[in-house]
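Notes for the structure review
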Amino acid sequence: MVAAPPSLTAPAASDEKSFLASPLAFCAPRAAAHGAAFTTRAFGDATFVGDAAALAAAARAPPEDEKALRAPFASARGEPFGELEEAFNAACYECLFEWIPRYKEAGFSTFRFEDFIDGRVRKMMSSARELVLKAASPALFGQPYAEAWAATRLVELYQSHAEARREEGGVLALGRRLLRQDGTAALREALAPWAARRGVAAEEAVEELTASVEQTAALLCNMIAAAQAHPAASAQLAREQAAVLKGSAPRAPITAALLGEMPFLEAFTCEVLRTAPPARPHRFRLSQPTRFGGLTLPAGALIAPEPFVAASLPSSHADPLLFDPSRFAAAEPPPTLCFGGAARAQALPGDLLTRDIAKAAFVQLRRMFEEVRLGADPPPKAGGYPLHTLPEASEVLLKPKMYYELQRGVKKLRF
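Now for a quick tour of the structure. Since we're looking at a predicted model, the values are computed, not measured.

The rules behind the values
Residues numbered from 1 in each chain as written. Predicted model: local features only at pLDDT ≥ 70, side-chain atom pairs only at ≥ 80, totals over all residues. Heavy atoms only, no water. Helix = DSSP H or I, 4+ residues; strand = E, 2+ residues; numbered from the N terminus. Contact = heavy atoms within 4.5 Å. Areas by Shrake-Rupley, 256 points an atom, 1.4 Å probe, with all protein chains shown as cover. Core = buried A, V, L, I, M, F, W, Y, C linked by side-chain atoms within 4.5 Å. Buried < 20%, exposed > 50% of the residue type's maximum accessible area, 1.4 Å probe, protein only. Salt bridge = Lys/Arg side-chain N within 4 Å of Asp/Glu carboxyl O. Phe/Tyr/Trp six-rings, centres within 6.5 Å; stacked < 30°, edge-to-face > 60°. Lys NZ or Arg CZ within 6 Å of the ring centre and 35° of its normal. Axes fitted to C-alpha atoms, helices over the stretch in contact; angles between N-to-C directions. Parallel < 35°, antiparallel > 145°, perpendicular 65-115°, else oblique. Left-handed = near helix turned anticlockwise from the far one by under 90°. Nonpolar A, V, L, I, M, F, W, Y, C, P; charged D, E, K, R; others polar. Pairing = 2+ DSSP bridges. Polar contact = N/O pair within 3.5 Å; in protein donor to acceptor, adjacent residues only side chain to side chain. Expected span 1.5 Å × (residues − 1).

Our focus in this paragraph is the overall build of the chain. Across its full length, the chain carries 18 helices and 10 strands. Sequence separation of 24 or more characterises 76% of the internal contacts of the chain that already satisfy a separation of 6 or more. A total accessible area of about 19,600 Å² is found for the chain, and carbon and sulfur atoms account for 57% of it.

Now for the side chain of R283. For R283, the position within the fold is in the loop between α15 (263-275) and β5 (284-286). When sequence neighbours within four positions are dropped, the list of residues in contact with R283 reads F43, P63, E64, D65, L302, I303, A304, P305 and Y385.

Taken as a class, soluble globular proteins show a tendency for nonpolar side chains to be buried jointly. Of all hydrophobic cores here, the largest spans 82 residues; its most connected members are L133, L191 and F268. Here this core takes 14 residues from helix α12 (residues 202-229), the largest share from any one element. Core analysis: the next-biggest nonpolar cluster, separate from the first, contains 16 residues, F26, A36, F43 and F48 among them.

A few words now on the pattern of salt bridges. Counting across every chain of the model gives 25 salt bridges. Taking the shortest distance from any N to any O, the salt bridge between R283 and D65 comes out at 3.7 Å. On the criterion of sequence distance, the pair formed by R283 in the loop between α15 and β5 and D65 in the loop between β3 (60-63) and α5 (80-98) is long-range, its members being 218 residues apart. With a relative accessible area of 12%, D65 lands in the buried category. Two residues, E371 and K399, come together in a salt bridge whose shortest N-O distance is 3.4 Å.

This part is about the packing of aromatic side chains. Enumeration over the complete set of coordinates arrives at 16 aromatic pairs. Centre to centre, the rings of F38 and F48 are 5.8 Å apart; their planes meet at 40°, and the pair counts as tilted. Here the residue F38 occupies a position in strand β1 (residues 37-39), and F48 occupies one in strand β2 (residues 47-49), the gap between them amounting to 10 residues. Exposure remark for F48: the relative accessible area of 0% places this residue in the buried category. Consider the rings of Y93 and F97, whose centres lie 5.8 Å apart with planes at 15°: the pair is stacked. A residue pair is termed a helical-turn pair when its members lie 3 or 4 positions apart in one helix, as Y93 and F97 do in helix α5 at four residues. What links up through ring pairs into an aromatic cluster is the set F19, F26, F38, F43, F48 and Y385. Lying across the ring of F26, R30 places its NZ or CZ 3.8 Å from the centre.

So, about the packing of α12 against helix α17 (residues 349-368). Two elements in contact, α12 and α17, have axes whose closest approach is 9 Å; the angle formed by their N-to-C orientations is 45°. On the basis of the axis angle, α12 is oblique to α17. Both α12 and α17 take part in a crossing whose hand is right-handed. Contact residues: α12 offers Q215, T216, L219, L220, M223, I224 and A227, while α17 offers T354, R355, I357, A358, K359, A361, F362, L365 and R366. By residue class, the composition of the contact of α12 with α17 is 10 nonpolar, three polar and three charged.

Before going further, it helps to spend a moment on the sheet that holds strand β10 (residues 395-400). The three strands lie next to each other as β4-β10-β9, forming an open sheet whose pairing is antiparallel. The open sheet has two edge strands with one neighbour each: β4 (121-123) and β9 (369-374). Ignoring strand direction, the axes of neighbouring strands in this sheet form an average angle of 25°. Inspection of the sheet shows β9 paired to β10 by five bridges, in the antiparallel sense. The residue of β10 that forms the bridge with F369 is P400. Against the sheet, α17 touches β9 and β10, its axis set at about 115° to β9.

Residue position: S248 is located in the loop between α13 (231-245) and α14 (256-260). When its relative accessible area of 33% is taken as the criterion, S248 is described as partly exposed. A distance of 2.6 Å separates the side chain of S248 from the backbone oxygen of L245, its partner in a polar contact.

With 12 residues, helix α6 (residues 124-135) extends 16 Å between its outermost C-alpha atoms, agreeing within 8% with the 16 Å of an ideal straight helix rising 1.5 Å per residue. Most of α6 sits inside the fold, with 10 of its 12 residues counted as buried. Where α6 is concerned, the buried positions are M124, M125, S126, S127, A128, R129, L131, V132, L133 and A135.

The subject of this paragraph is unusual backbone geometry. Note that the residue after D377, namely P378, is joined by a cis bond; omega there is 5°. Inspection of the secondary structure assignment puts P378 in the loop between β9 and β10. With an omega of 5°, the peptide bond between Y385 and P386 qualifies as cis. Its place among the elements puts P386 in the loop between β9 and β10. Located in the positive-phi region is D45, a residue other than glycine, with phi close to 65°. Relative to the helices and strands, D45 resides in helix α3 (residues 42-45). For D45, a relative accessible area of 47% corresponds to the partly exposed category. The backbone of A376 sits at a positive phi, close to 75°, despite the residue not being glycine.

Laid out in structure tokens, this is it:
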């Protein structure tokens, strides 16, 4: 008698490797076969769950994974972007303006090394981090960046900390890790006076800052990657933006009201969050037996709230492997699990602030630059765990529009 072949969706030793290689491709067939909860061999035999409401109601023990990101902008209340928008837009414009090189290549007659470097090419993730850190400073620190940190190297310290954090687990070579100083310790020391004024430990301040900056920068990067990967969606975004911004000054702020007039941008952002969520809620162990979908799990079971399960449920997302913003155009988006912290059925103010900051920066970026193109062939895709975004080495080519070049005083290219 020939034994039946194992099910393609049954738990297997290769689950974690398969999940990390392509989370959506791993979760989609399992969600279709088993629903909102299924067992795996990944992350220590974790049960993946995509039912946001059930997760939010479940009794939980403390987080199982220490390196998981917390909820972004956890102290935000009300409608936080409306309160931030004026200061954010001023700093966002100034930061993006600096992305335009004042002098492009001056020719090769001198054979200087700089002649061979195009100043319009930047590292995307590190550039996004700096933008968020500076422009969202009033939400992060209670005052503009120039007032809070002008005399420090906070951007440099934070970049070192964030890159080193992503390297953990062998993402980058050991040699690079050894060459970098302990950025986290230096960042902790720099934040200590600010943390003391708030009555929190410096370690707590570092974690709060990391959760907010990393997830917001990651979402912005994932939106840029999705726009490049889906030209039809990018063209529709451009048409909508042009119509909404028509007649406004080149430096006019991108307000919450203007974002509200861009329904396709909102649908596009929801689809990016579905297909490339910047993070996920932390894993935890059940403190009592709990039922998820068709599974009844005992106390002590390891639960992994997984956005790619929620994103793949046939009941809420037809053809889940297809990138289709229109699925969010007609109705309220179903609950998603796209940010760090505890699982939740409804978005918190900090989640909404993360989205609005990323959307405003995305619109401003596409207003100021006629081309925003990721390098490499094929272009890089979002990946990684627990932060899910572009690799640190990903480069972007930024070609500014003429108005902004003239304001910057850019010289013409000569070859």
